[in-house]
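Chain residues, written in single-letter form:
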Amino acid sequence: MSAASCLLTEDQFLCSICLDVFTDPVSTPCGHNFCKTCITEHWNINVPCQCPNCKKVFINRPELQVNTFVCEMAAQFRQSAQQKASSSSSEQQVSKPGEVPCDVCAGTKLKALKSCLVCLESYCETHLKPHLTQSGLKRHQLMDPVEDLEARMCTKHDKLLELFCKTDQMCVCMLCTVKDHKTHDVVPLREESEGKKAELRKTEADIQQMIQWRRLKIEEVRRSVELSKKDADRETAVGVQVFRALKASVERSQTEFMETITEKQRKTEKQAEGFIKELEQEISELRKRSTEVEQLSQSEDHLLLLQSFPSMNAAPPTKDWTEVSVRPPSYEGTVRRALNELKETLSEQMKKLFEAELKRVQQYAADVTLDPDTAHPQLVLSDDGTQVKHVDVKKNLPDNPERFNPCACVLAKQSFSSGRFYFEVQVKGKTDWDVGVARESINRKGKITANPQNGYWTIRLRNENEYEAAANPPVRLSLKSQPERVGVFVDYEEGLVSFYDVDAAALLYSFTGCCFTEKLYPLFSPGFNDNGKNSAPLIISAVSHTE
């Protein structure tokens, strides 16, 4: 081993992560060695797994086993280093900047080994011997060397600060307890210090938990980016398939389509990168505080601990990440809008596209039931709140502010102020109806003009076969067949409201570029009874996913 020691340098036994002698060394497939804990924590934070030395990337996380040979070599090296350190410790050292010098040494000041809280002086090995051998001095309280021992004295009584007043939360001397703190709750510094150490340990545990939570948040953000990437890839594939069926006249549309998706994905990744950077910065700050707290909690310097405790017994200020998330952008309608001018030549491709789109939006199906407090007095609701029809008899109901009058409308109980939601309404057998969503602050009394400016996003049927989107001005809808089930999809953040003929898997109309700032409620109007011609109810139907 002595021959080997001559050939091997200290650097060969140091982990390149913690820069200390190996502890439970493991070897990576690329041949580099690290402490098992160091490389494990490194890979927990950094994905994908990569060697810190040669930067080789491992697709699958390697299974690490302790390298017994390196472990034994490191142990022998550590033992040898300790022996060298112990042999040299007998030689007294000259005090260096930052070290506590001996107060007794004349001329060159040697490094102090202990400080005496009775004599208020620090001693090197030579001048410390009387305190270790003389009976009178043996009773003095020694501690690790510290500077400014005067700061440990009571400024009022010139006595050692050795007690803690819990009433005033301050360090005091024995005379203080006789006078100014006579009736206060006073305990030895050590007792109070131990209690504060326990609190610091709890603070450290809380900080570690905060670090772990932020690591999980990073993974959540990364998963959101992956989901967004999958959505982008899927939508890109659909679009490319459609555009390949066209000639040169659609190349410009294809380029715009690709740029739209790329930009949305770029914004999503940029947002995620920003979150990750913030989270990693907070982790760095929390680690720093954790190290400081750990060092303080292990300190035997009770006064320093108590003086530092108020500023250290709390985690550094951090952002509340609970509601923060990366929401994958919506791609619904991207291809459709790009191909609108070519819809005649793309009718077959568009039908396939809408079928796939309807399948996607149906994933956001929400439970919707009718709110009787908003229903016009001539509307009759089913007991389960899923059907509404108009009758000729007007009920005697209180005209509360929420109730529509004279418009024959009713809102759902459920409201939505974020995300995406979808519901379906059966309109079979009717000659007049309105379906859509409305914002919470809409006017419900008197004459109502339904359009987005007034807070309504709806489509309607009039006179049996006149379909319109209630835009400003209204948009006439040319439909190949009369829908029997209408699907309504809303993407709140995207500002999108789309209507579908569920059975035909066809798009009826979309409001785009909407700006939602308050709650949205599903809205229903079965139209007037019209002497029985329009007596069929509107029915909120359970979503049956299209095949």
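Residues numbered from 1 in each chain as written. Predicted model: local features only at pLDDT ≥ 70, side-chain atom pairs only at ≥ 80, totals over all residues. Heavy atoms only, no water.

Some words on the overall build of the chain
For clarity, the threshold we go by: Here a helix means four or more residues in a row that DSSP labels H or I, a strand means two or more in a row labelled E, and each is numbered from the N terminus. It is over C-alpha atoms that the radius of gyration is taken, and the globule rule equals 2.2 Å times the number of residues to the power 0.38. To sort residues, take the accessible area from a 1.4 Å probe on protein chains only and compare it with the maximum for the residue type: under 20% means buried, over 50% means exposed, and anything in between is partly exposed. For every accessible area listed, the method is Shrake-Rupley and the probe measures 1.4 Å; residues are considered covered only by the protein chains on display. In this tally Asp and Glu are treated as negative and Lys and Arg as positive; neither His nor the chain ends contributes. Here the site of a charge means NZ on Lys, CZ on Arg, CG on Asp, or CD on Glu.
Of the regular secondary structure elements, the chain holds 11 helices and 23 strands. Since a compact globule built from 547 residues should have a radius of gyration of about 24 Å, the 38 Å found for the chain marks it as more spread out than a globular shape. Judged by the C-alpha coordinates and their principal axes, the chain covers about 115 × 70 × 35 Å. The burial tally for the chain puts 42% of its 547 residues in the buried class. Counting only carbon and sulfur atoms, one obtains 49% of the accessible surface of the chain, whose full area is about 30,300 Å². Across the chain, 71 positive and 79 negative side-chain charges occur, with their mean positions spaced 2 Å apart.

Here we look at the sheet that holds strand E14 (residues 420-426)
Operational definition: Whether two strands pair depends on DSSP finding at least two bridges between them. Fitted lines through C-alpha atoms serve as axes, helices being fitted only where they are in contact, and the angles separating the N-to-C directions of these axes extend from 0 to 180 degrees.
Within the open sheet, the 7 strands sit side by side as E11-E12-E23-E14-E19-E20-E21. Their pairing is antiparallel. The strands lining the two open edges of the sheet, one partner per strand, are strand E11 (379-381) and strand E21 (506-511). Each strand of the sheet is rotated relative to its neighbour by a mean of 20°, with strand direction disregarded. Across 3 bridges, the pairing between E11 and strand E12 (residues 387-390) is antiparallel. The partner of Leu-381 across the bridge, within E12, is Val-388.

Observations concerning the packing of aromatic side chains
Formally: Pairing of aromatic side chains here covers Phe, Tyr and the six-membered ring of Trp, requires ring centres within 6.5 Å, and sorts the geometry by plane angle: under 30 degrees stacked, over 60 edge-to-face, intermediate tilted. Charge over a ring is defined by NZ of Lys or CZ of Arg lying within 6 Å of the ring centre and within 35 degrees of the ring normal.
A full pass over the atoms with the stated rule returns 10 aromatic pairs. With a centroid separation of 5.9 Å and an interplanar angle of 45°, the aromatic rings of Tyr-364 and Phe-489 are classed as tilted. With Tyr-364 in the loop between helix H11 (347-361) and E11 and Phe-489 in strand E19 (residues 485-491), this pair connects stretches of sequence that are 125 residues apart. The rings of Trp-457, Tyr-492 and Phe-516 are connected pair by pair, giving a single aromatic cluster. Seen from the ring of Phe-309, Lys-196 lies directly overhead, with NZ or CZ sitting 5.2 Å from the centre. Geometry around Trp-321 places Lys-319 over its ring, the cationic atom sitting 4.6 Å from the centre.

A few points about the nonpolar core
We count it as follows: We define the nonpolar core as a collection of buried residues of types Ala, Val, Leu, Ile, Met, Phe, Trp, Tyr and Cys that are connected through side-chain atoms lying within 4.5 Å of one another. The contact criterion used throughout is that any non-hydrogen atoms of two residues lie within 4.5 Å.
Among the nonpolar cores identified, the biggest contains 38 residues, and Phe-423, Trp-433, Ile-459, Val-497, Phe-511 and Phe-524 are the most heavily contacted of them. Setting aside chain neighbours within four positions, we find Val-497 in contact with Val-437, Trp-457, Val-488, Phe-489, Val-490, Tyr-509, Ser-510, Phe-511 and Phe-516. Within the second largest apolar cluster, 33 residues are counted, among which are Leu-161, Leu-200, Leu-286 and Phe-309.

Focus on the environment of Gln-295
Residue placement: Gln-295 occurs in helix H8 (residues 251-297). Residue class for Gln-295 comes out exposed when judged on its relative accessible area of 55%. The spacing of Gln-295 and Ser-228 is 67 residues in sequence and 43 Å in space, taken between C-alpha atoms.

Observations concerning the packing of helix H7 (residues 189-244) against H8
As a reminder, the rule being used: Note that the term roughly parallel is reserved for angles under 35 degrees, roughly antiparallel for angles over 145, roughly perpendicular for angles of 65 to 115, and oblique for everything else. Residue polarity follows a fixed list, in which Ala, Val, Leu, Ile, Met, Phe, Trp, Tyr, Cys and Pro are nonpolar, Asp, Glu, Lys and Arg are charged, and the others, Gly among them, are polar.
Relative orientation of the contacting elements H7 and H8 amounts to 170°, with a least axis distance of 9 Å. Compared by their axis directions, H7 and H8 come out roughly antiparallel. Of the residues in the contact of H7 with H8, the class split is 21 nonpolar, 10 polar and 14 charged.

A short note on the sheet that holds strand E10 (residues 186-188)
The strand order across the open sheet formed by 3 strands is E9-E8-E10, and the pairing between neighbours is antiparallel. Either end of the sheet is taken by a strand with one partner, and the two such strands are strand E9 (170-172) and E10. On average, each strand axis in the sheet is tilted by 35° relative to the strand beside it, whichever way the strands run. Bridge count between strand E8 (residues 163-165) and E9: 3 bridges; the pairing is antiparallel. Each residue of the ladder has a partner; that of Leu-163, found in E9, is Val-172.

Things to note about the packing of H7 against helix H9 (residues 302-312)
Axis angle and axis distance: for two packed helices, these are the angle between their axes and the distance between the axes, and together they describe the pair. Definition in use: Whether a crossing is left-handed or right-handed is set by the direction in which the near helix is turned from the far one by less than a right angle, anticlockwise for left-handed and clockwise for right-handed.
Where H7 contacts H9, the axes come no closer than 10 Å and their chain directions differ by 35°. The chirality of how H7 crosses H9 is left-handed. Side by side, H7 and H9 meet where Leu-189, Arg-190, Glu-192, Ser-193, Lys-196, Lys-197, Glu-199, Leu-200 and Thr-203 of the first sit next to His-302, Leu-305, Leu-306, Phe-309 and Met-312 of the second. The residue makeup of the contact of H7 with H9, split by class, is 6 nonpolar, 3 polar and 5 charged.

Quick notes on the confidence of the model for the chain
What counts is decided by this rule: Values of pLDDT, which run from 0 to 100, indicate the predictor's confidence residue by residue.
Per-residue confidence for the chain averages 87 on the pLDDT scale, and 93% of its residues sit at or above 70. The low-confidence segment residues 1-6, where pLDDT is below 50, has 1 contact with residues more than four positions distant or belonging to other chains.

A word on a negative patch on the surface
Convention followed: Patches here: salt-bridge-free residues with over 30% relative accessible area, like charges joined within 9 Å, nonpolar side chains (Val, Leu, Ile, Met, Phe, Trp, Tyr) joined within 5 Å. Criterion for a salt bridge: a side-chain nitrogen of Lys or Arg within 4 Å of a carboxyl oxygen of Asp or Glu.
There is a patch of like negative charges on the surface, built from Glu-147, Asp-148, Glu-150 and Asp-158. Overall, Glu-150 belongs to the exposed group, its relative accessible area being 53%.

Digging into the environment of Val-380
Relative to the assigned elements, Val-380 resides in strand E11. On a C-alpha basis, the gap between Val-380 and Leu-120 in space is 92 Å, while along the polypeptide they are 260 residues apart.

As for the pairing of strand E23 (residues 538-541)
Burial along E23 is two-sided: the face carrying Leu-538 and Ile-540 and the face carrying Ile-539 and Ser-541 are both buried. Taken together, the 2 bridges between E12 and E23 define a ladder with antiparallel strand orientation. Its bridge partner lying in E23, Gln-387 is registered against Ile-539. Sheet topology note: the E14/E23 ladder contains 3 bridges and is antiparallel. Within E23, the residue paired with Glu-424 across the bridge is Ser-541.

Thoughts on the pattern of salt bridges
Under the criterion given, the structure shown has 27 salt bridges. Of the charged contacts, one joins Lys-196 and Glu-192 as a salt bridge, the two residues approaching to 2.3 Å between their closest N and O atoms. In this pair, Lys-196 and Glu-192 both sit in helix H7, 4 residues apart, roughly one turn of the helix. Accessibility assignment for this pair places Lys-196 and Glu-192 in one class, buried. For Glu-282, the salt bridge is made with Arg-214, and the minimal N-O distance between the two is 2.7 Å. Taken together, the residues span a long stretch of sequence, with Glu-282 in helix H8 and Arg-214 in helix H7 at a distance of 68 residues. When its relative accessible area of 9% is taken as the criterion, Glu-282 is described as buried.

Some thoughts on unusual backbone geometry
Going from Asn-405 to Pro-406, the amide bond is cis rather than trans, its omega being 15°. Summarising the element assignment, Pro-406 is placed in the loop between E12 and strand E13 (410-411). Following Asn-472, the chain continues to Pro-473 via a peptide bond in cis, the omega torsion being 5°. Looking at the element boundaries, Pro-473 is found in the loop between strand E17 (466-469) and strand E18 (475-477). Non-glycine residue Leu-120 carries a positive phi angle of around 60°. Positive phi values are uncommon outside glycine, yet Ala-505 reaches one of about 50°. Mapped onto the elements of the fold, Ala-505 is located in the loop between strand E20 (496-501) and E21.

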